[in-house]
Amino acid sequence: MRDFKRILLLGTGPATLQLAVSLKNRLPCYLGIAGRVSARSEQLFGALDQNKRQVHVNIQNEKHRALEGMCVVDQVFKGYDSVTGNWDTLFIAVTTDAYLDVLSQLSEDIITGIRCIILVSPTLGSNRLVRNYMNAWHTEVEIISFSTYLGDTRWLTEGTLQPHVLTTAVKKKIFAGSTQIHSANILMLQQLFEQLGITLVILATPIEAETRNISLYVHPALFMNEFSLDAIFSNSGTQKYVYKMFPEGPITQYVIRDMLNQWKEIMTLLDTLKIKQLNLLQFMTDDNYPIRLESLSRHDIEHFSQFDTTRQEYLLYIRYTSLLIDPYSEPDETGKYFDFSGVPFRKLFINREGELDVPRMPKEDYYRTKIIQGMMTNLGLQCPTITKFLHTYERKLMEAAQSYPHHKLSPAFEIQSFSSDIKRINSELFL
C-alpha cells in the first residue's frame, strides 16, 4: 500500500495527539504534526521540544485501554507554511471552517504529493469543499470523511498545553466514506479502528458519512435559542445546563419542535441529493446515547419517521427527559443516578491571544448551519427553522459585541457569510 507510510497530522488539539499515538503505534509509518503559529500553539510546541517529541495519552475508562499509550513524533512543524518533505497522507484535525485556510498554507510540493486526505471531524459538505480545492491542483487524491472524531479527548491538565491528553469517552461506532470506490485505504482504517475497539461503518459516499453526525441535528436547537445564548453571552452567575429541562436548561416543547423541524428540513436536502434519509430518534438511541426500553419502545424508535408531528415531538421530549440521568448508571445509597444532563454551558472567555472569544459550541455550529443553509438556498429548498437559528445567533453576536466595548474581540464575533466555501461546495454537489 502506497499510502499511510508518511502521515502528516494538521492541527495541535487533543484529538491530534490521540491520533498520533493510535497511528504511530499500529502502523509502520513516519509521522509528523503541523500547526499554526499562535500564543496557544507556541506552548505546545515548546513542550514537545522539551519532551523530545514524546506524546502521551491516558484513558479514563479501563475498557478503552487500546487508545492509551505513548509515541515519539518524527517531525514537528511550527506553521503550516514551514512543512517540508514528502507526505502521502494528511489527517486534518482542525475546525471545519479552517480547512481551506490550512491547506492553502501548504506549499505546492506538499499538496501535489498528497495521495490521501482524511477529514477527522467534518461537517456536511466538507468533502466537497476540499475536493474542489484539490481539483485545482489536478491531483489524483482520495478524500475520506469520518462522521465525527472517535470520542472525547482533552488536555490532561486544564490550562496548560502539554503533549499529554486524556481520552474520557470513545464512540462504539463511527461512519466513513471515500471519494474512491473500493478504497484500500478505508479498509485499512476499518482494521485500525477495530483494534481500537471501534466499529467503522463504511458508507457509499463521503457526504453520506457526513450526515451521520448527531451535532448537525441537535446543536442548533440547543444552542441557537434565546435561553442558551443568554447563558453563554451574559454575565449572569447562575449556571445553566445544555441538556436539562427549562428552567435549568433550554429544553422546552418549543426547542423540541425546532429540533424536529430542522431535522425535516435537512431531510429534504438529503432527499434532493439522493442520500439515504436518517431516522432521528433511532440515530439518537442506537448510534449515540441509548435509553431503556421502559422509556421508549423499539416500535416507536424504528417507526419514528412515519409518525405525525405531534407524536414525533412527544417521543423526542421523552428521549431527553429519559436522559436527565444516565439510565444505565448505578444509583448511590440515596437512589440517585449519575447526572447525565449536567453539562454546563461554557461562557465567553479570554483566549490565548488575549481576545474575548466564543466557546467552540456554538461557534462551530454557526459555520456548519450556515453551510447547510447555503446548500439549501442554492437548491431552492425552504429552511425557515435553520434561518431562524442563524438570525437569533447573529443578533446575539452583535448585541454581545456591543456589550464589551473595552475588550479586544476575536473574529468569532463577526457576522460571516462563508460565501466562498458555500460556492465551492455547491459547485461539487452533483459531481
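Residues numbered from 1 in each chain as written. Predicted model: local features only at pLDDT ≥ 70, side-chain atom pairs only at ≥ 80, totals over all residues. Heavy atoms only, no water.

One way to put it is that helix α10 (residues 253-272) packs onto helix α15 (residues 384-403) with a least axis distance of 8 Å and a crossing angle of 120°. By the angle between their directions, the pair α10 and α15 is classed as oblique. When α10 is examined against α15, the residues D258, N261, Q262, E265 and I266 are found in contact with a partner set consisting of P384, T385, I386, K388 and F389. (Axes fitted to C-alpha atoms, helices over the stretch in contact; angles between N-to-C directions. Helix = DSSP H or I, 4+ residues; strand = E, 2+ residues; numbered from the N terminus. Parallel < 35°, antiparallel > 145°, perpendicular 65-115°, else oblique. Contact = heavy atoms within 4.5 Å.)

Right, let's get into the pairing of strand β8 (residues 142-146). Summarising burial for β8: five of the five residues are buried, a large majority. Bridge analysis of strand β7 (residues 116-119) against β8 gives four bridges, and the strand direction is parallel. By the bridge assignment, I117 is partnered in β8 with I143. Crossover β7 to β8 through helix α5 (residues 126-135) is right-handed. By the bridge criterion, three bridges tie β8 to strand β11 (residues 173-178) in an arrangement that is antiparallel. When the sheet's bridge partners are listed, I144 is paired in β11 with S178. (Buried < 20%, exposed > 50% of the residue type's maximum accessible area, 1.4 Å probe, protein only. Pairing = 2+ DSSP bridges. Right-handed = clockwise from strand over helix to strand, strands pointing away.)

Glancing now at the pattern of salt bridges. Two side chains of opposite charge can pair, provided their charged atoms sit close to one another. Here the structure, examined in full by the defined rule, presents 23 salt bridges. Here E428 and R131 are joined by a salt bridge, their closest N and O atoms 3.0 Å apart. Placement of the pair is E428 in helix α16 (residues 419-428) and R131 in helix α5, with a sequence separation of 297 residues. What makes R131 buried here is its relative accessible area of 18%. A salt bridge links K396 to E399; the nearest nitrogen and oxygen atoms lie 3.9 Å apart. One end of the pair is K396 and the other is E399, both in helix α15 and three residues apart, which spans about a single turn. The exposure class assigned to K396 is buried, which follows from its relative accessible area of 9%. (Salt bridge = Lys/Arg side-chain N within 4 Å of Asp/Glu carboxyl O.)

It is a general feature of regular strands that their side chains alternate between the two faces of the sheet. Side chains of strand β3 (residues 54-59) alternate between two faces, with V55, V57 and I59 buried and Q54, H56 and N58 left unburied. One ladder, built from four bridges, connects β3 with strand β4 (residues 69-72); its direction is antiparallel. Bridge pairing in β4 links V57 to G69. Pairing of β3 with strand β10 (residues 164-170) involves four bridges; the strand directions are parallel. Among the inter-strand pairings, I59 is bridged to a residue of β10, identified as T167.

Over its 20 residues, α10 extends 29 Å from the first C-alpha to the last, a length consistent with the 28 Å expected when each residue adds 1.5 Å. All buried positions along α10 are accounted for by V255, I256, D258, M259, L260, Q262, W263, E265, I266, M267, L269 and L270. Residue K274 follows α10 closely and has a positive phi angle near 60°. (Expected span 1.5 Å × (residues − 1).)

Time to look at the sheet that holds β10. Judged by pairing direction, the sheet is mixed, and its four strands sit side by side in the order β4-β3-β10-β9 without closing on themselves. Both outer strands of the open sheet, β4 and β9 (151-155), are each paired with one neighbouring strand and no more. On average, each strand axis in the sheet is tilted by 25° relative to the strand beside it, whichever way the strands run. Bridge count for β9 against β10 is five bridges, and the pairing is antiparallel.

Turning our eyes to something else, we now look at unusual backbone geometry. Here the amide bond leading from F246 into P247 is cis, since omega sits at 10°, within 30 degrees of zero. Summarising the element assignment, P247 is placed in the loop between α9 (226-233) and α10. Notably, F4 is not glycine yet its phi reads approximately 65°, a positive angle. On the secondary structure map, F4 appears in the segment before β1 (6-10). Positive phi, close to 60°, is recorded for K274, a residue that is not glycine. Overall, the relative accessible area of 76% leaves K274 in the exposed class.

What follows deals with α15. For α15, spanning 20 residues, the distance from its first C-alpha to its last is 29 Å, which sits close to the expected 28 Å at 1.5 Å a residue. Those residues of α15 lying buried are T385, I386, F389, L390, T392, Y393, E394, K396, L397 and A400. Next to the buried residues of α15 lie α8 (215-223), α9, α10 and α14 (360-378).

Take the sheet that holds strand β2 (residues 30-35) next. Read from one edge of the open sheet, eight strands run β5-β2-β1-β6-β7-β8-β11-β12, paired in mixed fashion. Pairing within the sheet leaves two strands with one partner each, and these edge strands are β5 (75-78) and β12 (199-202). Neighbour to neighbour, the strand axes of the sheet diverge by 20° on average, direction disregarded. Direction of pairing for β2 relative to β5: parallel, over a ladder of four bridges. Within β5, the residue paired with G32 across the bridge is Q75. Its contacts with the sheet put helix α1 (residues 14-24) on β1, β2 and β6 (89-92), and the angle it makes with β2 is roughly 170°.

Each assigned domain of the protein chain is listed here: domain 1 (6-211) and domain 2 (214-428). On a C-alpha basis, the centres of domain 1 and domain 2 stand 25 Å from each other. With 27 residues of domain 1 in contact, the opposing surface of domain 2 contributes 23 residues. The contact between domain 1 and domain 2 buries some 2,200 Å² in all, and 57% of this surface belongs to carbon and sulfur atoms. Where domain 1 packs against domain 2, one counts two salt bridges. Salt-bridge contacts for K173 lead to D287; the nearest nitrogen and oxygen are separated by 2.9 Å. Inspection of the region where domain 1 meets domain 2 yields nine residue pairs in polar contact (both at pLDDT 80 or more). Of all the elements in the fold, those that place two or more residues in the side of domain 1 that touches domain 2 are α2 (39-50), α5, β11 and α7 (206-210). When residues of the side of domain 1 that touches domain 2 are assigned to their parent elements, the largest contribution, six residues, is made by α5. (Domains from an automatic or database assignment. Buried area = accessible area lost by both parts, 1.4 Å probe. Polar contact = N/O pair within 3.5 Å; in protein donor to acceptor, adjacent residues only side chain to side chain.)

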